[in-house]
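Chain residues, written in single-letter form:
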Number of protein chains: 2
Amino acid sequence: MNRIYVHGYDRMENVRLQDQAQTLVDLLHSDTAFPDGSSVLEAGCGIGAQTIPLARNSPGARITSVDISAGSVAQARANADAAGVTSVQFQQADIFALPFEPESFDHVFVCFVLEHLSHPVEALVQLRGLLRPGGTITVIEGDHGSAYFHPDSDAARMAIGCQVELQRAAGGNALVGRQLYPLLRQAGFDAVRVSPRMVYVDSSRPDLVDGFTKKTFTAMIEGVREPAITAGMVKPELFDAGIRALYRTAEIDGVFCYTFFKAVGEKSRQSQRGC
Amino acid sequence: MNRIYVHGYDRMENVRLQDQAQTLVDLLHSDTAFPDGSSVLEAGCGIGAQTIPLARNSPGARITSVDISAGSVAQARANADAAGVTSVQFQQADIFALPFEPESFDHVFVCFVLEHLSHPVEALVQLRGLLRPGGTITVIEGDHGSAYFHPDSDAARMAIGCQVELQRAAGGNALVGRQLYPLLRQAGFDAVRVSPRMVYVDSSRPDLVDGFTKKTFTAMIEGVREPAITAGMVKPELFDAGIRALYRTAEIDGVFCYTFFKAVGEKSRQSQRGC
């Protein structure tokens, strides 16, 4: 779900997309606020799409946001500047070799990152090492297997399956959302609490029909057309029928459902003393 | 989801199942309370599993609960008596031929009923006729296509698919939850608002692991083994592998997700005047 922030093409469109984006920001971020003075590491900030709401909800926290891509970090810095967010320090770094002292952060925040990693538990173990005892990690991920809709369509499910398979072939996991609990537990976190954040869309919510069903989810699936066909996963006609079926769910009698998962875990003081 | 209330086999078991049942009752019922003196029709009460929380949340309402099965109505009456619920009038009646005057109810409540009907819109139109202008309908349904889990399993999805197909063959629809918005709109209701109620289960919630994942959902799917095999839908080995895979999701690193949908719609005063 890297395309939550998509670009509108006129002013009215922008208003609608901002409504939709704000709805999703509220859904995912509203219950995350770190105390003044606390040190927060955002691991895998990309171009800063989640950094901005993170910083706005925790204006007194000292946030360090890193990404493996120097280009993304530069873009994230520019996007934060443009949004008037000045409290974040950006730097390029690899999540598997982070240049920070052990136990140097109070909180870690990871959003739409584990889906891209072939060894998510190892990444979480690394991040746990950077947390002080008693510190917390917050993880947010989507899950493409949580997508279902009306009218139902085998072709649409096939097209979504192509995205899942391509992400798997690239070493990632598009179904990672449902796995946050076992992943955090395996990485040694305690008191793990997972809460699903379901996006339910029917035609009484035209902002979400347009901004989420069509321009976020279906556009993302549409984006794998060429690689899926090139890889021989699907015939063009079937893939295109799947995309049409997804757009069909955006009509007046259509319904679309998708669920994000948010997990919070603690680095226990006790187990730390036991180490 | 007719088996939300399953029977425990010892006292400790009963406590756990009651915890789980109460969790689901809260999830589905807590925001439904009808005013003192209002007249409420529960259409399709079965053996009264939903009647009891309905009556407890609206102690001053005058509730009439009907079901097409005289045996179920008798059992519902007995169950309500046993639960100390005395404010409900039970009677046998067919939802398509209800023995009430038009516009004689303030509210209608329908829970786990549409899934069994081959013509749900027609049923909703009948119920709308019994509502006074300005009255509301509340509908709750499950959706078996909303079930997903970790570890994922093709065999488990195949076993669930057998239940869906058998219910379809019987004229019902196990995927009706996601369709509540279009169904209520097609039946002429206005101001329809649907809210999903997701049951998320991991091993930090042993009451739900036991009471929902194992004893409600998986037991229900297990219950269609013989008809599914008899109908030639699936080989016994594959079905049994699917059931094992569902139980596997109840282990320490497993996760299970299911979503109920609740819809509230109004019989508009305006469109009534327009008729």
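Residues numbered from 1 in each chain as written. Chains lettered and ligands numbered in written order. Predicted model: local features only at pLDDT ≥ 70, side-chain atom pairs only at ≥ 80, totals over all residues. Heavy atoms only, no water.

Q: Is there a simple way to think about the interface of chain B and chain A in this case?
A: One frequent convention defines the size of an interface as the accessible area lost when the parts assemble. Counting residues at the interface gives 27 residues for chain B and 26 residues for chain A. Each partner contributes to the roughly 2,100 Å² buried at the junction of chain B and chain A, and carbon and sulfur atoms together form 66% of this total. Together, Tyr148, Arg178 and Tyr181 of chain B form the three largest contributors to the area buried by chain B at its contact with chain A, with a combined 32%. Where chain B touches chain A, the interface holds 2 salt bridges. Between the two partners, chain B and chain A, sit 2 residue pairs in polar contact (both at pLDDT 80 or more). When residues of the side of chain B that touches chain A are assigned to their parent elements, the largest contribution, 6 residues, is made by strand S7 (residues 190-202) of chain B. Taken together, the residues that form the side of chain B that touches chain A break down as 14 nonpolar, 8 polar and 5 charged. (Contact = heavy atoms within 4.5 Å. Buried area = accessible area lost by both parts, 1.4 Å probe. Salt bridge = Lys/Arg side-chain N within 4 Å of Asp/Glu carboxyl O. Polar contact = N/O pair within 3.5 Å; in protein donor to acceptor, adjacent residues only side chain to side chain. Helix = DSSP H or I, 4+ residues; strand = E, 2+ residues; numbered from the N terminus. Nonpolar A, V, L, I, M, F, W, Y, C, P; charged D, E, K, R; others polar.)

Q: Even after reading the chapter, I still don't get the packing of helix H7 (residues 206-222) of chain A against helix H9 (residues 236-248) of chain A, so can you show me in this structure?
A: Two numbers describe a pair of packed helices, the interaxial angle and the distance between the axes. All names here are of chain A. Where H7 meets H9, the closest approach of the two axes is 10 Å, and the angle between their N-to-C directions is 170°. Relative to H9, the element H7 lies roughly antiparallel. Between H7 and H9, the residues in contact are Thr213, Lys214, Phe217, Thr218, Ile221 and Glu222 and Phe239, Ile243, Leu246 and Tyr247, respectively. The class makeup of the residues in the contact of H7 with H9 is 6 nonpolar, 2 polar and 2 charged. (Axes fitted to C-alpha atoms, helices over the stretch in contact; angles between N-to-C directions. Parallel < 35°, antiparallel > 145°, perpendicular 65-115°, else oblique.)

Q: What exactly am I supposed to notice about the pattern of salt bridges here?
A: Side-chain pairing between opposite charges can occur once the charged atoms of the two side chains come close. All names here are of chain B. Under the definition given, this model contains 34 salt bridges over all chains. The shortest N-O distance in the salt bridge between Glu103 and Lys267 comes to 3.9 Å. Placement of Glu103 in the loop between strand S3 (88-92) and strand S4 (105-111) and of Lys267 in the loop between strand S8 (255-266) and helix H10 (269-274) is noted, with a sequence separation of 164 residues between them.

Q: For this particular structure, what's the right way to read the side chain of Thr64 of chain B?
A: With respect to the helices and strands, the residue Thr64 of chain B is situated in strand S2 (residues 62-67). Contact partners of Thr64 of chain B, with chain neighbours within four places excluded, come to Val40, Leu41, Glu42, Gln89, Gln91, Phe100 and Phe105 of chain B.

Q: Looking at this structure, I do not really get the pairing of strand S4 (residues 105-111) of chain A. What am I missing?
A: Remark: a regular strand shows side chains that alternate across the two faces of the sheet. All names here are of chain A. Burial runs high along S4: 7 of the 7 residues are buried. Alignment of strand S1 (residues 39-43) against S4, held across 3 bridges, turns out to be parallel. In the sheet register, Val40 faces S4, and the bridge partner there is His107. Of the pairings in the sheet, the one linking S4 to strand S5 (residues 131-141) comprises 6 bridges and is parallel in character. Opposite Cys111, over in S5, you have Ile140 as the bridge partner. As for the winding sense of the linkage, the β-α-β connection from S4 through helix H4 (residues 120-130) to S5 is right-handed. (Buried < 20%, exposed > 50% of the residue type's maximum accessible area, 1.4 Å probe, protein only. Pairing = 2+ DSSP bridges. Right-handed = clockwise from strand over helix to strand, strands pointing away.)

Q: Just checking my understanding: could you explain the confidence of the model for chain A for this structure?
A: Low-pLDDT portions of the prediction should not be read for the details of their coordinates. Residue and element names in this part refer to chain A. Residues at a pLDDT of 70 or more form 91% of chain A, whose mean pLDDT is 92. This stretch, residues 1-10, has a pLDDT under 50; its non-local contacts, to residues over four places away or in other chains, come to 35 contacts. Here the prediction assigns the complex a pTM of 0.92, and the interface score ipTM is 0.91. (pLDDT = per-residue confidence, 0-100.)

Q: Can you help me understand the relation of the copies chain B and chain A in this one?
A: Turning one copy of the chain about an axis and sliding it along that axis gives the other copy, so a rotation and a shift relate them. Once chain B is rotated about the relating axis by 180° and shifted along it by 0.0 Å, it coincides with chain A to within an RMSD of 0.0 Å. Viewed as a symmetry operation, the transformation between the two copies matches a two-fold axis. When you check the interface residues of chain B against chain A, 96% turn up at the interface there too, and the contact is symmetric in its surfaces. (Least-squares fit on C-alpha atoms with pLDDT ≥ 70 in both.)

Q: How should I be thinking about the packing of aromatic side chains in this particular structure?
A: Pairs of aromatic rings are described using the distance from one ring centre to the other and the angle between the two planes. Residues and elements named next belong to chain A. Scanning all chains against the criterion turns up 22 aromatic pairs over all chains. Considering the side-chain rings of Phe112 and Phe260, the 5.8 Å spacing of their centres and the 45° angle between planes classify their relative orientation as tilted. Remark: Phe260 occurs in strand S8 (residues 255-266) and Phe112 occurs in the loop between S4 and H4; sequence separation between them is 148 residues. On the basis of relative accessibility, which here comes to 0%, the residue Phe260 falls in the buried class. Judged by centre distance (5.6 Å) and plane angle (55°), the ring pair of Phe217 and Tyr258 falls under tilted. Here the residue Phe217 occupies a position in helix H7, and Tyr258 occupies one in strand S8, the gap between them amounting to 41 residues. Of the two residues, Phe217 and Tyr258, neither departs from the other in class, the shared state being buried. (Phe/Tyr/Trp six-rings, centres within 6.5 Å; stacked < 30°, edge-to-face > 60°.)

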